[in-house]
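# Fold and geometry: a report
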Amino acid sequence: MPKKKLAPPIWDEKNHRWKKTAYCNSMSKTFYSTKKGVTSAEREITVAINAWKEKMEGLTGSGHLTPMSKVKDVYEDFKLDIESRTSKANWHTVEWRFERWILPVIGKRSILDLNDGLIQKVINNAYTQGNLSRKTLLNMRADIAAFLKFCRKNQLTSYRSEDVDIPKSAARKEKRILQPEQLKVLFSVDTSIINNKRVQEPYIYAFRLQVLHCLRPGEVGGLKKSDRIGDIVHIQRSINSEKEITKGKNDNAIRAFQLSNLGKECWDKQAALSDSEWMFPGFITDSYRKRLRAYCLSNNIPVISPYELRHTSFSIMQALPEGLVKAAGGHSKNMDTFGIYGHEVQGDMELTAQLLEERFDSLLSNSENQGQNKVNLQNEQKENPNKPHD
């Protein structure tokens, strides 16, 4: 049977170009050519149509969305998706990065047009125009990957970004930690200056528990008295910047640890101060950050952020076996929240508590090795500058 001859392109007199409409998967798209002769125009349009149909293979779209939909239009559905299944603290920053940096560059492009080159253009523009940090650019790249995953789920594309680089000169935020002499202040001075008076610091035991047990700020704010069973504390919730109670930053955030002797002392004193089921009732992340700043200024130690208390803890713990450090900080795969702890795991927690106690005793002592401890902490940081401590 002779092959059916396709209709040639039609001349558009108004716009002085050839055009032809193609169909695939019940969707249509019009292609154009400014070539002078119909043969040359037909050849150019045919190549474009074939490439389009190859990209469209297996893609059916979803509802009002199609592979030809604009990025800015699909983004509206993506927004509804992330708002329905993630916390406000998460989607609020994702939407800011999209609307400030991503949509202005690719918002008018169709989903089918997206490729590594366009995504790289987004990252490069954000860096050159906004001088954004490496961490922000990494988050932006992750935002785009999540958007593309949403598109794949809805049969809008089969594209996955695989070769998008972060500029090597993008700034890495320097992580600060408390050195031994500053730790001595943290564990010996309970007061801050509030309204020109030196009074008990409301969050002093939160600061200390963060350093002692690698807690994230929201995790220490989410502690309840009932989370402690014997000397074991179960981390099972966190309070984010939007005052929402969540299950934590990731799956590994749900974990358990054994209180060291210093940790037990901090816990017991704070529990006695609190008349609520919460260890730190009324916890707000912004207020907590401000209280830490005030404490630092009141006691002549470098101002650090709540997350840098956690970085301090990791720097101290680098002297411990890596597996114990990961488990304590919530970086490793975790057991079921209230699973049965076998002898090996129980032993690991006891060992971690014992080693931490020895490490802090050494750092907080008045030994002649205090200066050497400072050097060791700095060296440990330099050896692992890119180690994630989130």
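Burial within helix α7 (residues 204-213) is extensive, with ten of its ten residues counted as buried. All of the buried residues in α7 are Ile 204, Tyr 205, Ala 206, Phe 207, Arg 208, Leu 209, Gln 210, Val 211, Leu 212 and His 213.

Moving on, we get to the pairing of strand β7 (residues 232-235). Side chains of β7 alternate between two faces, with Ile 232 and His 234 and Val 233 and Ile 235 buried alike. Where strand β6 (residues 228-229) lies against β7, two bridges are found, and the strand directions are antiparallel. Paired with Arg 228 across the bridge in β7 is Val 233. Taking the residues between adjacent antiparallel strands as the criterion, β6 and β7 are bridged by two residues, where Gly 230 takes a positive phi near 70°.

What follows covers the environment of Asn 299. Note that Asn 299 resides in the loop between α10 (285-298) and α11 (306-317). In this structure Asn 299 comes out as buried when scored by relative accessible area, which is 11%. C-alpha of Asn 299 to C-alpha of Asp 190: the two residues are 109 residues apart in sequence and 9.8 Å apart in space. Not counting the four nearest positions on each side in its chain, Asn 299 is found in contact with Val 185, Val 189, Thr 191 and Arg 198. Of the polar contacts made by the side chain of Asn 299, one reaches the side chain of Arg 198; its length is 3.1 Å.

The pLDDT averaged across the protein chain works out to 82; a share of 82% of its residues lies at or above 70. The model gives residues 329-346 a pLDDT under 50, and that stretch makes 40 contacts with residues more than four places away or in other chains. Low pLDDT, under 50, characterises residues 385-389; the stretch is placed with seven contacts to residues that sit more than four places away or in other chains.

A separate point is the packing of helix α4 (residues 116-130) against helix α5 (residues 134-153). The interhelical angle for the contact between α4 and α5, taken along N-to-C directions, is 150°, at an axis separation of 10 Å. Comparing their axes, α5 and α4 come out roughly antiparallel. As α4 packs across α5, the resulting crossing turns out to be right-handed. Mapping the contact onto sequence places Ile 119, Val 122, Ile 123, Ala 126 and Tyr 127 in α4 and Leu 137, Met 140, Arg 141 and Ile 144 in α5. Of the residues belonging to the contact of α4 with α5, the class tally is eight nonpolar, no polar and one charged.

Turning to the sheet that holds strand β3 (residues 27-33), a few remarks are in order. Reading across the sheet, the three strands line up as β1-β2-β3 and stay open at both edges, with antiparallel pairing between neighbours. Unpaired on one side and paired on the other, β1 (10-12) and β3 mark the two borders of the sheet. Averaged over all neighbouring strand pairs, the angle between strand axes comes to 40°, with direction disregarded. Bridge analysis of β1 against strand β2 (residues 17-24) gives three bridges, and the strand direction is antiparallel. The residue of β2 that forms the bridge with Trp 11 is Trp 18.

Reading guide: rules and limits
- Residues numbered from 1 in each chain as written.
- Predicted model: local features only at pLDDT ≥ 70, side-chain atom pairs only at ≥ 80, totals over all residues.
- Heavy atoms only, no water.
- Buried < 20%, exposed > 50% of the residue type's maximum accessible area, 1.4 Å probe, protein only.
- Helix = DSSP H or I, 4+ residues; strand = E, 2+ residues; numbered from the N terminus.
- Pairing = 2+ DSSP bridges.
- Contact = heavy atoms within 4.5 Å.
- Polar contact = N/O pair within 3.5 Å; in protein donor to acceptor, adjacent residues only side chain to side chain.
- pLDDT = per-residue confidence, 0-100.
- Axes fitted to C-alpha atoms, helices over the stretch in contact; angles between N-to-C directions.
- Parallel < 35°, antiparallel > 145°, perpendicular 65-115°, else oblique.
- Left-handed = near helix turned anticlockwise from the far one by under 90°.
- Nonpolar A, V, L, I, M, F, W, Y, C, P; charged D, E, K, R; others polar.

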